[in-house]
Amino acid sequence: MAVEDNCKLKFLELKKRTYRFIIFRIDGQQVVVEKLGNPQETYDDFTNSLPADECRYAVFDFDFTTNENCQKSKIFFIAWSPDSSRVRMKMVYASSKDRFKRSLDGIQVELQATDPSEMSFDIVKSRAL
């Protein structure tokens, strides 16, 4: 599975806080950028951007406050594979995930989700801390 150069470039820009999130999809035999979230968008905007019945990869720059009251940020890699998506699609995304994730240098937390409850704001925050 090839990774379009634009995926890596946009990820580098996300690390510089140009975007809040990026959603990627597999198109034919390569991973491409599907949507870019501007820095003002929220976690709800991000989750609402994921299709209900198709797999996607996504990265989200999550800002949070630690128990010591320090502002921090972590970059999450999310493998979205809803139960309602086609089996073949789930297999393609699952088999390509590690290779794609390795091409994005700077991922701090990985999350696998098959329905929205598995990537709720509270779960993401608990994984960040």
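Residues numbered from 1 in each chain as written. Predicted model: local features only at pLDDT ≥ 70, side-chain atom pairs only at ≥ 80, totals over all residues. Heavy atoms only, no water.

- The name given to the chain in an unreviewed UniProt entry is ADF-H domain-containing protein, with the source organism recorded as Eruca vesicaria subsp. sativa.

**Observations regarding the pairing of strand E2 (residues 21–27)**
Consideration 1: Among the seven residues in E2, five count as buried, and that is most of the element.
Consideration 2: Across seven bridges, the pairing between E2 and strand E3 (residues 30–37) is antiparallel. Looking across to E3, one finds that Arg25 is bridged to Val32. (Buried < 20%, exposed > 50% of the residue type's maximum accessible area, 1.4 Å probe, protein only. Helix = DSSP H or I, 4+ residues; strand = E, 2+ residues; numbered from the N terminus. Pairing = 2+ DSSP bridges.)

**Brief notes about the sheet that holds strand E1 (residues 2–3)**
Consideration 1: Read from one edge to the other, the open sheet built from six strands follows the order E1-E3-E2-E4-E5-E6, with strand pairing classed as mixed. In this open sheet, the two strands that pair with only one neighbour each are E1 and strand E6 (109–113).
Consideration 2: One ladder, built from five bridges, connects strand E5 (residues 71–80) with E6; its direction is parallel. Paired with Ala79 across the strands is Gln112, a residue of E6.
Consideration 3: Along the sheet face, helix H3 (residues 87–102) touches E1, E2, E3, strand E4 (56–65), E5 and E6 and points at about 55 degrees away from the line of E4.
Consideration 4: Of the strands in this sheet, E4, E5 and E6 are in contact with helix H4 (residues 121–128), which crosses E4 at around 70 degrees. (Contact = heavy atoms within 4.5 Å. Axes fitted to C-alpha atoms, helices over the stretch in contact; angles between N-to-C directions.)

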